[in-house]
Amino acid sequence: MSGLSLPVLVVIFVVAAAAIWVAGTQLSDQTDVLSTRLHLGSALGGLILLAIATNLPEIAITVSAALSGHIGVAVGNILGGIAIQTVVLVALDAFGLRGGRPLTYRAASLVLVLEGALVVAVLAVVITGSQLPGGLVLWRVGPASIVITALWVAGLLLLRRAGRSLPWQESGNAPDGQEQRRGHRRENTERLATGKGVSTVRSALVFGAAALATLVAGVVLERSGDAIAGHVGLTGVLFGATVLAAATSLPELSTGLTSVRKGDYQLAISDIFGGNAFLPVLFLLASLISGAAVLPGAHDTDIYLTAVAILLTLVYMAGLVLRPRRRLARMGVDSLVVLALYAVSVVGLVLIARG
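A quick note: this is a predicted structure, and the numbers were derived from the prediction, not measured.

Engineer: What is the right way to read the overall build of the protein chain from this model?
Structural biologist: In terms of regular secondary structure, the protein chain is built from 15 helices and 2 strands. For the protein chain, the spread of C-alpha atoms along the principal axes amounts to about 55 × 45 × 45 Å. Relative to its 355 residues, the protein chain shows a buried fraction of 52%. Put simply, the protein chain has 24 plus and 18 minus side-chain charges, and the middle of one group is 5 Å from the middle of the other.

The following block contains the structure:
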C-alpha cells in the first residue's frame, strides 16, 4: 500500500476501523449467546473465548506484522493497546454513566482488584523478559513468552475461583454498588436472541463471519497504518501505540458502553482488564511466527508504554478500593488522573521516539 496517496490510505484506514466496530459488536453479542448456551460463561474455555473474541484485531495485526517482519509495529500495538484500552474506561465513565456516582464506585469489587493485579503481574514479566538475551530461544520462542502465557492461564484459574466466592462480606462486593449480579448483560443478550429465534448454529455462523471480517480488517489496518506512518513521518512504534491501538480498541469501547448502559458495571471493567491481561500472550504467537524472542528486541518506547499501562491500571485498582463518590467533568477522580497521565505519557512517548 506504500504506493497509494495519503488521502486514499486514510479512507482505507477509516473503513477498516468502521468494519472492526461493526464486526466487534456482532462478536460481542454472539460470544454472549454462545457462552451462555454452551455453559462457558464461568468456565476457563469461556474466559479464553471472550479474550480471543475481543482482541481479534490485535491478533490479526500481530500475525500480519510478524509475517512481514515489522515486529516493532506488533510490539507497539500490543503494549500501546493495553494503555489505551485502560483509557477506554475513562470514556465509559464520562459518556456511559448516568447519575452522580463514578464507574469505580458502582463497580467496586475485590475480584476486579485481583483482575487488575493479574494485568500488573503479566506486564512485570514483560519488562523482565525484555532484559533477557535475544539469543535465548526455546522451540522458536523466548522463555518470557512461555512464562507470560502460563501466568495468564494460572491467573484465569484463580480468578474463576475468586468469582465463585471470596471469604469476605458479600463475596468481596462493596455495598451500594451494582444492583444486579455481574454478567447479567450476557444473559439478557442471549434472551433477546432466543426471542428473535436465533439458533445456536446461526449464532456460531455469525460469530465466524464477524471473526473473519475482523481479521481481514485488522490486516488492512496494519498495512494501511504502516503506510500512513511513513507518509506523515511517524515511527512504526509511535503510530502503533497511539492511532493504531485506538482503532483496534473500538470493540472494547462498543461493548463497554453497552455493559455500562445496562448497569453491568463490573463486567465493563472486567472485559477491559481481561483483554489487557491477554494481549501480552500474543508475544508467544509473534515468536512462533518469527522464530525469534520478541521481547528482548523491545525498544525504549515499548518498555515505557508497559510502565504507563501498569501505572494506569494501579490508578483504577485504587479507585475500586477507595471508591470516589464525586464526579468532576462527568467522571471520577481516578478517571481524571488516568486521562491526565495518559496525555502526559503521549508527550513523553513523542520525545523518546524523536530522541
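Moving on, there is more to tell.
Engineer: Whenever I open this one, a nonpolar patch on the surface confuses me. Can you help?
Structural biologist: The grouping of Leu6, Val10, Val14 and Val232 at the surface amounts to a nonpolar patch, some 290 Å² of accessible area in total. Among the elements that make up the nonpolar patch, the one with the highest residue count is helix H1 (residues 6-37) (3 residues). Tracing the sequence through the fold places Val10 in helix H1. Residue classification places Val10 among the partly exposed positions, given a relative accessible area of 37%.

Engineer: Teacher, can you tell me more about helix H14 (residues 300-322) here?
Structural biologist: Counting along an α-helix, one turn takes 3.6 residues, and residues three or four places apart therefore face a common direction. The end-to-end C-alpha distance of H14 is 33 Å, a good match for the 33 Å that 23 residues give at a rise of 1.5 Å each. Residue Arg323 follows H14 closely and has a positive phi angle near 55°.

The rules we used
Residues numbered from 1 in each chain as written. Predicted model: local features only at pLDDT ≥ 70, side-chain atom pairs only at ≥ 80, totals over all residues. Heavy atoms only, no water. Helix = DSSP H or I, 4+ residues; strand = E, 2+ residues; numbered from the N terminus. Buried < 20%, exposed > 50% of the residue type's maximum accessible area, 1.4 Å probe, protein only. Lys, Arg positive; Asp, Glu negative; His and termini not counted. Charge placed at Lys NZ, Arg CZ, Asp CG, Glu CD. Patch = residues over 30% accessible without salt bridge, like charges linked within 9 Å, V, L, I, M, F, W, Y side chains within 5 Å. Areas by Shrake-Rupley, 256 points an atom, 1.4 Å probe, with all protein chains shown as cover. Salt bridge = Lys/Arg side-chain N within 4 Å of Asp/Glu carboxyl O. Expected span 1.5 Å × (residues − 1).

All we've got here are geometric facts, nothing functional implied.
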